[in-house]
Amino acid sequence: MIPTEEASGRRREIEEKLKQEEETLSFIRDSLEKSDQLTKNMVSILSSFESRLMRLENSIIPVHKQTENLQRLQENVEKTLFCLDHVISYYHVAKDTEKIIREGPTGRLEEYLGCMAKIQKAVEYFQDNNPDSPELNRVKLLFEKGKESLESEFRSLMTRNSKPVPPILILDLISLDEEMETQEDVTLEHLPEGVLQDIIRISGWLVEYGRNQEWPWQVQVMCYGTHIRSNSPMRQAVQQQEQEQQQMMVSSSPVWSFNCLCEDKQLPAGAQRGNLKKEHRASSCTSIASRESFVERSLRELGHNCNFMNVYYQIRSSQLDRSIKGLKEHFRKNSSSSGVPYSPAIQNKRKDTPTKKPIKRPGRDDMLDIEIDAYIHCVSAFIKLAQSEYQLLTEIIPEHHQKKTFDSLIQESLDNLIIEGDNIVSAARKAIIRHDYSAVLTIFPILKHLKQTKPEFDQVLQGTAASTKNKLPSLITSMETTGAKALEDFADNIKNNPDKEYNMPKDGTVHELTSNAILFLQQLLDFQETAGAMLASQVLGDTYNIPLDPRETSSSASSYSSEFSRRLLSTYICKVLGNLQLNLLSKSKVYEDPALSAIFLHNNYNYILKSLEKSELIQLVAVTQKTAERSYREHIEQQILTYQRSWLKVSDYILEKNLPVFQPGVKLKDKERQMIKERFKGFNDGLEELCKIQKAWAIPDTEQRDKIRQAQKTIVQETYAAFLNRYGNVPFTKNPEKYIKYRVEQVGEMIEKLFDTSA
């Protein structure tokens, strides 16, 4: 049970809390009332504000719309004024630019091109918006004037600044110094950089703005000479287009009907002959004249459009040709003043030719070598200069015209090179007819160089016309044919040379035919591949009975392997040597003295062998004739033996087997004494006669000369010494000095003087 006091206290506490809660509730009620009142007041205010805003909006919206309209009108006015200013500016273009256009672009190209851009825009504007305006004709004329001035400036810049390339620079460009590990690139500056940029700008403008509209197909046909078949799609399309145009012209223009009347053609529907009025017929005459001159105008425009490209290729073509001609002239002058320079055409010529000829400088051969060398240098120069010209052309000429322009640009120089090459071939052919085969050697260095440079030629001429590309191969083929013919004729001439009784060396030395043949063959060494290819190009394998290995041949002569060409050339050289040997044998029979004939053959065989050994000819001959060297040595020894037999008539007098046996101390009979006298006299006379005759003979090879002298000296001295030892003290005469004229040493000295024309 809760105590009373506690209950009273708790009650008082609860009552106090209740009182507080009642006060709080009363406060909340008062606050809610105030809040409601404030809310009502706010709603009233907002309602009033909304009402006012609506009234304000209703008054402002018309003003706003009016303002927007005014702003739009202002913008329209500004745009109109801008358009008017823009349009008016086109009417001022002619006036503003006329002075500059008439003065020309020299010295102010950018400003000039800016004026031309303004004129171009004016032309476009008037054509689109007011084609009947007189201003259109004015700006058109000004535009044409400006275009002509730009073309004139293009021509002037090209003419003034295009100079031939100096010969020294060309030589630097084409020279290949094998001693230098690296070679600096030599660049050509055909035009100053500033001028080049101006030319490029003008060219670009002429390409972009200088072209006219497409021409009707009729003009294109007349310009290019094209024949269109009656059933071709192009002809049918054109006829359909003409019919449509005719139908459109019937109602609007009486000129076409008048033309039909004049030509007695069938009028289309809607066109009647009676409908042609007099004024129509009169006006048609002017129209017909205009139509007749249309083609002429179109052709003139064709030339006008291509004018600057024609100017370009004509000027650059002239400079290219002048550069090559300048190089040739420079080469000739320097060659004539400083002697014959090194050249692929000038090979190491044999210095020990026994055939003595006066040397004249400058001689015909030297001058010919200079011409060949100059031609070879010009070929290389053409390639390098053409490459450089194409690089320059790509910066100036539009891409779709580059190949055609380049083709035209190089024609003159290329034709000159081909013509000069053809002249060389023609001269060689004439020389072959005269049996002057040394002249045909001029073809070899040129042909070798042309074939070496053909890949570069093909690269340079890539994209040109087929006729241009075929010029060099045609020249190469002509040279190969001529060279092969010369080789064959030379071999036949060596065999059939009729010069037997005349021009034979009296001293038995090397014949001119031998020295010339060997010299000819030696000079072929420097052109082995070229000569082999010449022979292969004529399919001479059948001529020389050489089997054609499928691995060595193909469908074209140019594809013969180098090994096959080498074997073919080896067979050819062996053929020449064989023909030469047969001819020498025939010529040797001209000599009445067999000994001189033997010396002649010995000298020629020895010269051939030595010449083969001194050069690579012996290796080349050995490709098909392994025993050639041994065979020549055997021939030489055989001729030496034949020569030695000429001394038998001397030595036979003193040979022991031909003498009687005498007993010592026994007095000689008159017959025996006379026999001994005859032996001494026969020996003396024979020795003197042979020495006198053979002293005038010649053996140019000192080694062979000493060998033959020594061998004969030994034989004669030994035989004479034995004879003298046996009969020198025999009293066969009262005047022994009359018969014993020579000591053994004197006989040797006499033989030592054989083949010595200077003694």
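## So, the overall build of the protein chain
Of regular secondary structure, the protein chain possesses 26 helices and zero strands. When burial is assessed residue by residue, the protein chain has 40% of its 759 residues classed as buried. Taking contacts inside the protein chain between residues at least 6 apart in sequence as the whole, the part at least 24 apart equals 79%. For the protein chain, the exposed surface amounts to about 45100 Å²; the carbon and sulfur share of it is 51%.

## A closer look at empty space enclosed by the protein
The final tally for this structure, using the stated rule, is one cavity of 30 Å³ or more. Looking at the largest cavity, the residues that line it are Tyr375, Val379, Leu414, Leu417, Ile418, Leu450, Phe457, Leu472 and Leu475. Of all the secondary-structure elements, those providing two or more residues to the lining of the largest cavity are α11 (364–396), α12 (399–433), α13 (443–460) and α15 (471–496). Residues belonging to the lining of the largest cavity are distributed by class as follows: nine nonpolar, no polar and no charged.

## Side note on the side chain of Gln120
Along the chain, Gln120 turns up in helix α2 (residues 109–129). Once residues within four sequence positions are removed from consideration, Gln120 is found in contact with Phe143 and Tyr209.

## Description of the nonpolar core
Of all hydrophobic cores here, the largest spans 158 residues; its most connected members are Phe520, Leu524, Tyr572, Tyr643 and Trp647. At 13 residues, the largest contribution of residues to this core is made by α11.

## Describing the confidence of the model for the protein chain
The predicted model of the protein chain has a mean per-residue pLDDT of 79, with 76% of residues at 70 or higher. Segment residues 338–362: pLDDT under 50, and 46 contacts once partners within four positions in sequence are set aside and those in other chains are kept. A low-confidence stretch, residues 540–559 (pLDDT under 50), is modelled with 30 contacts involving residues beyond four sequence positions or located in other chains.

## Focus on the packing of aromatic side chains
Under the defined criterion, the tally for this structure stands at 19 aromatic pairs. Ring centres of Tyr390 and Phe406 lie 5.1 Å apart, and the angle between their planes is 75 degrees; on these two criteria the pair is classed as edge-to-face. With a gap of 16 residues between them, Tyr390 in helix α11 and Phe406 in helix α12 connect regions that are remote in the sequence. Of the residues examined, Tyr390 reaches a relative accessible area of 24% and is grouped as partly exposed. When the centroid spacing of 5.4 Å and the interplanar angle of 55 degrees are considered together, the rings of Tyr591 and Phe600 count as tilted. Relative accessible area serves as the criterion here: at 13%, Tyr591 is assigned to the buried category.

## Description of the pattern of salt bridges
When the charged atoms of two side chains lie near each other, side chains of opposite charge can form a pair. Taken as a whole, this structure holds 26 salt bridges when the rule is applied. Across the salt bridge formed by Lys147 and Glu144, the nearest N and O atoms sit 3.6 Å from each other. Note that Lys147 and Glu144 are positioned in helix α3 (residues 134–161) at a spacing of three residues, about one turn of the helix. In this structure Glu144 comes out as partly exposed when scored by relative accessible area, which is 30%. When the shortest N-O distance is used, the salt bridge between Lys325 and Asp321 registers 3.0 Å.

## Thoughts on helix α21 (residues 628–644)
The terminal C-alpha atoms of α21 lie 25 Å apart, and with 17 residues this matches the ideal 24 Å at 1.5 Å per residue to within 8%. Along α21, the residues classified as buried are Ala628, Tyr632, Ile636, Gln639, Ile640, Tyr643 and Gln644. Seen end-on, α21 carries its buried residues on one side only, within an arc spanning 155 degrees. Next to the buried residues of α21 lie α18 (562–588), α19 (594–614), α20 (617–622), α22 (648–651), α23 (670–695) and α24 (702–727).

## Section: the packing of α18 against α19
Direction vectors running N to C along α18 and α19 enclose 160 degrees, while the axes themselves pass 9 Å from each other. Of the possible angle classes, the one that applies to α18 and α19 is roughly antiparallel. Note on packing geometry: the crossing formed by α18 with α19 is right-handed. Residues Leu577, Leu580, Gln581, Leu584, Leu585, Lys587 and Ser588 of α18 pack against Ser597, Phe600, Leu601, Asn604, Tyr605, Ile608 and Leu612 of α19. Of the residues in the contact of α18 with α19, the class split is nine nonpolar, four polar and one charged.

## Some points on helix α17 (residues 528–537)
Here α17 lies mainly inside the structure; nine of its ten residues are buried. When we look at burial in α17, the residues that qualify are Gln528, Thr530, Ala531, Gly532, Ala533, Met534, Leu535, Ala536 and Ser537. Those residues of α17 hidden inside the fold are in contact with α13, α15, α16 (512–525), α18 and α20.

## Regarding a nonpolar patch on the surface
On the surface, a nonpolar cluster with roughly 370 Å² of combined accessible area is contributed by Phe49, Leu53, Leu56 and Ile60. The residue Phe49 is located in helix α1 (residues 4–103) in this model.

Parameters and conventions
Residues numbered from 1 in each chain as written. Predicted model: local features only at pLDDT ≥ 70, side-chain atom pairs only at ≥ 80, totals over all residues. Heavy atoms only, no water. Helix = DSSP H or I, 4+ residues; strand = E, 2+ residues; numbered from the N terminus. Buried < 20%, exposed > 50% of the residue type's maximum accessible area, 1.4 Å probe, protein only. Contact = heavy atoms within 4.5 Å. Areas by Shrake-Rupley, 256 points an atom, 1.4 Å probe, with all protein chains shown as cover. 1 Å grid on protein atoms, 1.4 Å probe; cavity = no way out; pocket = protein on both sides within 12 Å on 5 of 7 lines; lining within 4 Å. Points joined across faces, edges and corners; volume = space filled by probe spheres on them. Nonpolar A, V, L, I, M, F, W, Y, C, P; charged D, E, K, R; others polar. Core = buried A, V, L, I, M, F, W, Y, C linked by side-chain atoms within 4.5 Å. pLDDT = per-residue confidence, 0-100. Phe/Tyr/Trp six-rings, centres within 6.5 Å; stacked < 30°, edge-to-face > 60°. Salt bridge = Lys/Arg side-chain N within 4 Å of Asp/Glu carboxyl O. Expected span 1.5 Å × (residues − 1). Arc of directions from axis to C-beta. Axes fitted to C-alpha atoms, helices over the stretch in contact; angles between N-to-C directions. Parallel < 35°, antiparallel > 145°, perpendicular 65-115°, else oblique. Left-handed = near helix turned anticlockwise from the far one by under 90°. Patch = residues over 30% accessible without salt bridge, like charges linked within 9 Å, V, L, I, M, F, W, Y side chains within 5 Å.

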